[in-house]
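What the coordinates show
Listed below, chain by chain, are the residues.
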Amino acid sequence: GENVEQHPSTLSVQEGDSAVIKCTYSDSASNYFPWYKQELGKRPQLIIDIRSNVGEKKDQRIAVTLNKTAKHFSLHITETQPEDSAVYFCAASISDQAGTALIFGKGTTLSVSS
Amino acid sequence: NAGVTQTPKFQVLKTGQSMTLQCAQDMNHNSMYWYRQDPGMGLRLIYYSASEGTTDKGEVPNGYNVSRLNKREFSLRLESAAPSQTSVYFCASIRTGGSGSPLHFGNGTRLTVT
């Protein structure tokens, strides 16, 4: 089955710096890769996603890159702010006869200090 | 439009007790999912349902059963709770069963088994 590895598990940056979180996946059939942000005590919220026919996608300070050949994708946050502090999860899609689901990485705790 | 609603929000069980976690969505989504979240483990898929009347095992199905009662509702049952099932449980749904659709999460149920 699909295995999603996420690194680092914790990341501390100064306000204004960039943050990069990396994920690898094992199933070459995966074709959808979302990123979720989870604040303490709240549900995960989608922040950006990318599909396999695209190599890069940007949304203001957030960008995601995908390398299908190497089976890895990354989240880039520029000009970090204290409100970016949260746990970030990557995920990869799996599909079989039963349907489609998302398999998540173990998460990265990002701390942005001012 | 409430989105994905989970009940209860909190629950404490004794080892061996049973209970059902309820989930309902009002977005006319086809696919529904149950995940559990444990510190350092990310979100792990328990069971999912691609459509009404179908269910399938995820990464960690042991000790759980599910029922897709109708298109709106997807319940998770613990027949004999164990301390290892102490976790935060999230229900989620997707608009379509195909890849490329983001998950919509409920607010979670925090379960403690003593």
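Residues numbered from 1 in each chain as written. Chains lettered and ligands numbered in written order. Predicted model: local features only at pLDDT ≥ 70, side-chain atom pairs only at ≥ 80, totals over all residues. Heavy atoms only, no water.

A few words now on the pattern of salt bridges. Residues and elements named next belong to chain A. A full pass over the atoms with the stated rule returns eight salt bridges over all chains. Between Lys42 and Glu39 there is a salt bridge; the shortest N-O distance is 3.9 Å. Taking the shortest distance from any N to any O, the salt bridge between Lys57 and Asp49 comes out at 2.9 Å. Of the residues examined, Lys57 reaches a relative accessible area of 34% and is grouped as partly exposed. (Salt bridge = Lys/Arg side-chain N within 4 Å of Asp/Glu carboxyl O. Buried < 20%, exposed > 50% of the residue type's maximum accessible area, 1.4 Å probe, protein only.)

To continue, consider the interface of chain A and chain B. Listed by partner, the interface residues are 21 residues for chain A and 24 residues for chain B. Summed over both sides, the interface of chain A with chain B buries roughly 1,900 Å², with 56% coming from carbon and sulfur. Considering only the side of chain A, the residues that lose the most area to chain B are Arg43(A), Thr100(A) and Phe104(A), jointly responsible for 29% of the buried surface there. Scanning the region where chain A abuts chain B turns up six residue pairs in polar contact (both at pLDDT 80 or more). Elements with a contribution of two residues or more to the side of chain A that touches chain B: strand E4 (32-38), strand E5 (45-51), strand E9 (86-96) and strand E10 (99-104) of chain A. Among the elements that line the side of chain A that touches chain B, the one with the most residues is E10(A), at six residues. Partitioning the side of chain A that touches chain B into residue classes produces ten nonpolar, six polar and five charged. (Contact = heavy atoms within 4.5 Å. Buried area = accessible area lost by both parts, 1.4 Å probe. Polar contact = N/O pair within 3.5 Å; in protein donor to acceptor, adjacent residues only side chain to side chain. Helix = DSSP H or I, 4+ residues; strand = E, 2+ residues; numbered from the N terminus. Nonpolar A, V, L, I, M, F, W, Y, C, P; charged D, E, K, R; others polar.)

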